[in-house]
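Structural overview for review
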Amino acid sequence: PKAEKSVFAAATSRSTHAMSHVNALVPQSFLQQERVAESMVAAGNAVEAENIFDMLKPKTDLSDLISQSIEQISKELESVVDGQPDVSERRLGKQPKLLERKSGNRKLRRFLSPHEREQVTGRSEAAMYPGIRALVLFASNRLSAIAGELGLPLCTTITVHESFDRKPEDSDDLSSIDLALKSGDRTSRLGGQQPDNTLSFANMIGIVEAKAGNTESDELDALAQLYRYSRNLYYCQLNRRFVWGLTFCGTTARACLLSPDNMFKSGPMDVHTCKGREEFVGLPVRMSTCAVDCLGYDTSIWYDESHKVWVANVFDDSTGNVSRYTIDNIISSADGTFGRHRRMFGSI
């Protein structure tokens, strides 16, 4: 469609050729220093946008159903925080997955309970990872369970990779990310390639960065890391136009939208308060129900699984026609922190 037209020079792929070309031109240490400096600038200029969730729009108006889902999941979450078994536990009874679910709820209670606040967030970032993952998975799992009952269509489900503080296998630097947001639907090809269990930028929807403290400096560092690491998603996903992410500083979360040259952040969501938890639940719910392009994907570029190639539809303003091209040569990849969406590839 004309509204979805893609600039043909706006895509790239991870490739050994491109990597060796970059390494030959510029020392990686210099590139890394430059990226760190640029990311700090971007973090310092981050704009707080209270309406950031409005970007996550479904194809049709589902506002009432989405509100019902958020309200129901939030109520169930409060029961878990209060120490009561959630709906899924009561339904499962003595089924095999009960212990696994209870284990997840224990992590959730420990992370969200006010009297555990210092124990969880005061020691290290690593102590926060299981709780953050449990919180996202709780909302996502409950949404999957009630969506059918409500008649709410889902475009995907949001999950978190089980590996923490790891370097993705396709990273082009030595940086490790704290947590990775992924699609829980194995039939979905949001990033172009079939999701699998590997920790790779090619299969990520977004990145989560955590800090044990909640000072202004902590938030700046988390935002800068999020911005810097998200460049790899542009580098690995040819059809990525913008990226979503999360920061957790202490118990305060912010949703972030990272465009090629700017960063927008939501207001603070304190997950140790009922209001903050309900606001947070809205993020995985909306990410699961919005149109795919609202997650940051250009639907005119996709991965052809049968031929193992990337394909792009390009709109011609002069004729009104759409031409299809197979991407078979990378000319320039997303190496810069600013303007990182500017990628160029060729087709024969």
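See the structure printed just above.
The following refers to the structure shown.

The rules behind each value
- Residues numbered from 1 in each chain as written.
- Predicted model: local features only at pLDDT ≥ 70, side-chain atom pairs only at ≥ 80, totals over all residues.
- Heavy atoms only, no water.
- Core = buried A, V, L, I, M, F, W, Y, C linked by side-chain atoms within 4.5 Å.
- Buried < 20%, exposed > 50% of the residue type's maximum accessible area, 1.4 Å probe, protein only.
- Helix = DSSP H or I, 4+ residues; strand = E, 2+ residues; numbered from the N terminus.
- Contact = heavy atoms within 4.5 Å.
- Pairing = 2+ DSSP bridges.
- Axes fitted to C-alpha atoms, helices over the stretch in contact; angles between N-to-C directions.
- Expected span 1.5 Å × (residues − 1).
- Bend = angle between axes of the 7 residues up to and from the residue.
- Parallel < 35°, antiparallel > 145°, perpendicular 65-115°, else oblique.
- Left-handed = near helix turned anticlockwise from the far one by under 90°.

**Considering the nonpolar core**
In this structure, F248 and F280 are the most contacted members of the largest nonpolar core, which totals 76 residues. Among the elements that make up this core, the one with the highest residue count is helix 7 (residues 129-150) (10 residues). If sequence neighbours within four positions are ignored, F280 has contacts with L135, V136, L246, F248, A253, M269 and V271. Residues I301, Y303, W310 and A312 belong to the second largest nonpolar core, which totals 7 residues.

**Let's talk about the environment of F201**
Among the secondary structure elements, F201 is positioned in the loop between strand 3 (179-183) and strand 4 (204-211). Residue classification places F201 among the buried residues on the basis of a relative accessible area of 1%. Each C-alpha atom, one on F201 and one on K167, is 9.7 Å from the other, the two residues being 34 residues apart in sequence. Beyond its immediate stretch of four places on either side in the chain, F201 contacts P168, D170, S171, I177, I207, Y229, N232, L233, C236 and Q237.

**Things to note about the sheet that holds strand 10 (residues 309-315)**
Hydrogen bonds between backbone groups are what pair the strands of a sheet, and the pairing can be parallel or antiparallel. Read across the open sheet, the 3 strands follow the order 9-10-11; overall the sheet is antiparallel. If you trace the sheet from one side to the other, it starts and ends with strand 9 (301-304) and strand 11 (322-327), each paired once. The mean angle between the axes of side-by-side strands here comes to 30°, regardless of whether they run parallel or antiparallel. Sheet topology places strand 10 next to strand 11; 6 bridges connect them, and they run antiparallel. Each residue of the ladder has a partner; that of V311, found in strand 11, is T326.

**So, the pairing of strand 3**
Burial runs high along strand 3: 5 of the 5 residues are buried. On strand 3, burial covers both faces: L179, L181 and S183 on one face and A180 and K182 on the other are all buried. One ladder, built from 3 bridges, connects strand 2 (residues 158-160) with strand 3; its direction is antiparallel. From the neighbouring strand, V160 faces strand 3, where its bridge partner is L181. Judged from the 4 bridges that link them, strand 3 and strand 4 form a sheet pairing that is antiparallel. In the sheet register, L179 faces strand 4, and the bridge partner there is V208.

**What about helix 7?**
The periodicity of an α-helix, 3.6 residues per turn, causes residues three or four positions apart to be oriented the same way. Relative to the 32 Å expected for 22 residues at 1.5 Å per residue, helix 7 spans 31 Å between its end C-alpha atoms, a close match to the ideal helical length. Considering bend angle alone, the principal kink of helix 7 is centred on S144 and spans about 30°. Following helix 7 by one or two positions, G151 has its phi on the positive side, about 75°.

**Describing the packing of helix 3 (residues 63-81) against helix 7**
At a closest axis distance of 10 Å, the pairing of helix 3 and helix 7 adopts a crossing angle of 130°. Taken together, the axes of helix 3 and helix 7 lie oblique to each other. When you trace helix 3 past helix 7, the crossing you get is right-handed. Of helix 7, the residues touching helix 3 (which contributes L65, Q68, S69, Q72, I73, E76, L77 and V80) are L135, F138, A139, R142, L143, I146 and L150.

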